[in-house]
Amino acid sequence: MTTIGTPPKNFLLSVEGLTVSFDGFKAVNDLSFYVDENEIRVIIGPNGAGKTTVLDLICGKTRSTAGSIRFREKELTRMSESQIVLAGVGRKFQTPSIYDDLTIFENLEISYPKGRSVWGALTFKRDQAVRDRVEEVAEIIFLKDRLHDNAAFLSHGQKQWLEIGMLLIQDPELLMLDEPVAGMSVSERIKTAELLNTIIKNRSVLVIEHDMKFVEDIAHKVTVLHQGKILSEGSMEKVKSDPKVVEVYLGH
Ligand SMILES: Nc1ncnc2c1ncn2[C@@H]1O[C@H](COP(=O)(O)OP(=O)(O)OP(=O)(O)O)[C@@H](O)[C@H]1O
């Protein structure tokens, strides 16, 4: 029998029935959510709600017990961490993993994907393409005039931006960030919101965040997790006024 009707919408990321059980404890429990193209989605929720575990599952660091994670036409639950990166999913962890003794230029340069060059043996052209891309990314992360300084001299916030830049240079279609503004100054936080709004022209961003002011500045949609399940979902306005969210999270 054929079904006639509107085909399901093509989301960039479709998470369905996702479950992971650690010794019988379901840290993520039958979770479903959908992320659009060019969307900034923020996941919030109390400590232990399962937020980090969701990102671990998407990037392949943790294996699911059940459920599906569709990204474009690919089923990520069956792929290795490196295959998931190649498929276009970038993940930034809380602690920056930049090289302090290299310059900002060098940090970005070493993150440029190898073997993706269309120039073949024309090394000269490839080098120019890398330099152009490094400069383009440096501008987005507000570090264009610092390219030849060692990363050690950057502020905490600038180091976070550099690490975002090291992911951006690989041009991921989905970028996942775990508490990107933790420890940042107010002005750095505002610039980070600006940065995210620039980069979603070519991708979607999935962010875990506790800083509600920042969430208000960036979120197109908020997913509130509690005990591995969705407690509420929608605009910041909507979830903020949801009594369940106030009770388990925002009221504390
Ligand atoms: N590898 C693991 N083995 C056993 N339990 C785990 C593992 N990873 C996470 N958990 C448990 O799963 C639950 C969810 O943890 P998770 O770190 O995803 O929460 P979170 O929402 O990110 O919290 P926080 O805001 O504190 O970072 C916690 O109870 C945690 O102890």
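Residues numbered from 1 in each chain as written. Predicted model: local features only at pLDDT ≥ 70, side-chain atom pairs only at ≥ 80, totals over all residues.

Taking an unreviewed UniProt entry as the reference, the protein is identified by name as Urea ABC transporter ATP-binding protein UrtD belonging to Methylopila musalis.

(A) Quick peek at the overall build of the protein. In terms of regular secondary structure, the protein is built from nine helices and 10 strands. Here the C-alpha coordinates of the protein stretch approximately 55 × 50 × 40 Å along the principal axes. Here the protein holds 252 residues, and 36% of them are scored as buried. Put simply, 66% of the contacts in the protein that link residues at least 6 apart link residues at least 24 apart. (Helix = DSSP H or I, 4+ residues; strand = E, 2+ residues; numbered from the N terminus. Buried ≥ 20, exposed ≤ 12 C-beta atoms within 10 Å, placed from the backbone. Contact = placed C-beta atoms within 7 Å.)

(B) Quick peek at the sheet that holds strand β6 (residues 89-92). Taken together, six strands build an open sheet; the order of strands is β6-β7-β8-β3-β9-β10 and the sheet is mixed. This sheet does not close on itself; its edge strands, each paired only once, are β6 and β10 (229-234). Direction aside, neighbouring strands of the sheet carry axes that sit 20 degrees apart on average. As paired strands, strand β9 (residues 221-226) and β10 are joined by five bridges and run antiparallel to one another. Across the sheet, residue His-226 finds its bridge partner in β10, namely Lys-229. (Pairing = 2+ DSSP bridges. Axes fitted to C-alpha atoms, helices over the stretch in contact; angles between N-to-C directions.)

(C) Fine view of the site of the ligand. The environment of the ligand is formed by Phe-22, Ala-27, Gly-45, Asn-47, Gly-48, Ala-49, Gly-50, Lys-51, Thr-52 and Thr-53. Looking at the shell around the ligand residue by residue, the classes come out as three nonpolar, six polar and one charged. (Near = placed C-beta within 6 Å. Nonpolar A, V, L, I, M, F, W, Y, C, P; charged D, E, K, R; others polar.)

(D) Representation of the confidence of the model for the protein within the structure. Averaged over the protein, the pLDDT score is 91; the fraction of residues at 70 or greater is 91%. The complex model carries a pTM of 0.90, and its ipTM stands at 0.95. (pLDDT = per-residue confidence, 0-100.)

(E) Inspection of helix α5 (residues 156-168) at higher detail. Compared with an ideal rise of 1.5 Å per residue, which puts 13 residues at 18 Å, α5 spans 19 Å between its outermost C-alpha atoms and is within 8% of the ideal. Counting buried residues along α5, 11 of its 13 residues qualify, which places the element largely inside the surrounding structure. For α5, the set of buried residues is Gln-158, Lys-159, Gln-160, Trp-161, Leu-162, Glu-163, Ile-164, Gly-165, Met-166, Leu-167 and Leu-168. (Expected span 1.5 Å × (residues − 1).)

(F) Representation of the packing of helix α3 (residues 104-111) against α5 within the structure. Direction vectors running N to C along α3 and α5 enclose 30 degrees, while the axes themselves pass 8 Å from each other. When the axis of α3 is compared with that of α5, the two are roughly parallel. Considering only the axes of α3 and α5, their crossing is right-handed. In this structure, α3 uses Ile-104, Asn-107, Leu-108 and Ser-111 to contact α5, whose residues at the interface are Leu-162, Gly-165 and Met-166. The residue makeup of the contact of α3 with α5, split by class, is four nonpolar, three polar and no charged. (Parallel < 35°, antiparallel > 145°, perpendicular 65-115°, else oblique. Left-handed = near helix turned anticlockwise from the far one by under 90°.)

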